[in-house]
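Summary of the model geometry
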Amino acid sequence: MGVMTASTGRRVLLAAPRGYCAGVDRAVIAVEKALEQYGAPIYVRHEIVHNKYVVQTLEKKGAVFVERTEEVPPGNIVMFSAHGVAPVVHEEAERGRLATIDATCPLVTKVHKEAVRFAKEDYDILLIGHEGHEEVIGTTGEAPEHIQLVDGPEDVANVEVRDPSKVVWLSQTTLSVDETMETVDALKDKFPQLISPPSDDICYATQNRQLAVKQMGAQADLVIVVGSRNSSNSKRLVEVAKIAGAAEAYLVDFADEIDEAWLEGVTTVGVTSGASVPEVLVEQVLEWLSARGFEDVEIVKAAEESITFSLPKELRRDLRDEATTLAAERGGSGTAAE
């Protein structure tokens, strides 16, 4: 069969669903719409979504990314990223006389509301998540005195609560589904009366993307996940791929970060992307692979997605006008902090 060199048996498995989730799509469009409606600059507190390319693209259009609310001059518009913010950040914006647009993902908002409700009922809240992640900082800020972070199953030993009969767990929306359930099981062993949130906090998109990678990873020699280093859900896809059986899995922002050496002895490459990754970046990876003999692309489909979220309501108001008025008030807004 030596003459059959044309078909090398090299193939690409392309995960579906992959890439943009509804919350990211909404947040990115919100920045673009705000720039269209109100003109530049639109300040964004923290990266709108955790993707290098998206942030660079929006910067070119006139978005200015800041880490702290205080960096925004009075009388401007500031947008809060998809990851959500603590209540104190809303207060900072008010003190700084800024008009705000809140692009927090509705699924993150749901977790914030759960935190507020359980704190009101005086529960100890065990928040499963990664320390320092923006989403965790935002959720914790809703009820800091009631919330403690549990960063994986190995962290469970350190958890102490006031009353073991009044404990609930919540989680960051972008974690590994399996690892989170492992943490929950360990917590339940320690606190048998632990309550679960009304519905799982890990979002549909995170679950679906991990499901697709599981199916794909079992058949792939190499998995390439397109996504940024600071994207929690993208990093989890790499982990899930390896656990599912992929010999190697790597995270890349762009096709030119792929190392040819990774392809040695590889016949099946799996490709997917994190929830904040534009499809154009995946297409470039497929072109890169195709140029190296991986032309045969098969879709590995794990779920159908049809969820969309409506845009932040603030985009229906005249925010420039509001911002100017706020700046003109010169501290006469009557807030306690003035």
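Procedures and definitions
- Residues numbered from 1 in each chain as written.
- Predicted model: local features only at pLDDT ≥ 70, side-chain atom pairs only at ≥ 80, totals over all residues.
- Heavy atoms only, no water.
- Pairing = 2+ DSSP bridges.
- Helix = DSSP H or I, 4+ residues; strand = E, 2+ residues; numbered from the N terminus.
- Axes fitted to C-alpha atoms, helices over the stretch in contact; angles between N-to-C directions.
- Contact = heavy atoms within 4.5 Å.
- Phe/Tyr/Trp six-rings, centres within 6.5 Å; stacked < 30°, edge-to-face > 60°.
- Buried < 20%, exposed > 50% of the residue type's maximum accessible area, 1.4 Å probe, protein only.
- Lys NZ or Arg CZ within 6 Å of the ring centre and 35° of its normal.

Describing the sheet that holds strand β10 (residues 248-252)
Strand order in the open sheet formed by five strands is β10-β9-β11-β1-β12, and the pairing between neighbours is parallel. On the outer flanks of this sheet lie β10 and β12 (296-301), each paired with one strand and no other. This sheet shows a mean twist of 25 degrees between the axes of neighbouring strands, independent of strand direction. Pairing analysis gives four bridges linking strand β1 (residues 11-16) to strand β11 (residues 268-273), with the strands arranged parallel. Residue pairing in the sheet places arginine 11 in a bridge with threonine 268 of β11. Those strands touched by helix α8 (residues 232-244) are β9 (222-226), β10 and β11, and its axis lies near 170 degrees from that of β10. Contacting β1, β9 and β11, helix α9 (residues 279-290) crosses the sheet at an angle of about 165 degrees to β11.

A look at the packing of aromatic side chains
Inspection of every chain in the model, using the stated rule, returns three aromatic pairs. With a centroid separation of 6.4 Å and an interplanar angle of 70 degrees, the aromatic rings of tyrosine 53 and phenylalanine 254 are classed as edge-to-face. One end of the pair, tyrosine 53, is in helix α2 (residues 52-61); the other, phenylalanine 254, is in the loop between β10 and β11, with 201 residues separating them in the sequence. Tyrosine 53 gets classed as partly exposed once you look at its relative accessible area, which sits at 29%. Here arginine 292 stacks its cationic end above the ring of tryptophan 288, 3.8 Å away from the centre of that ring.

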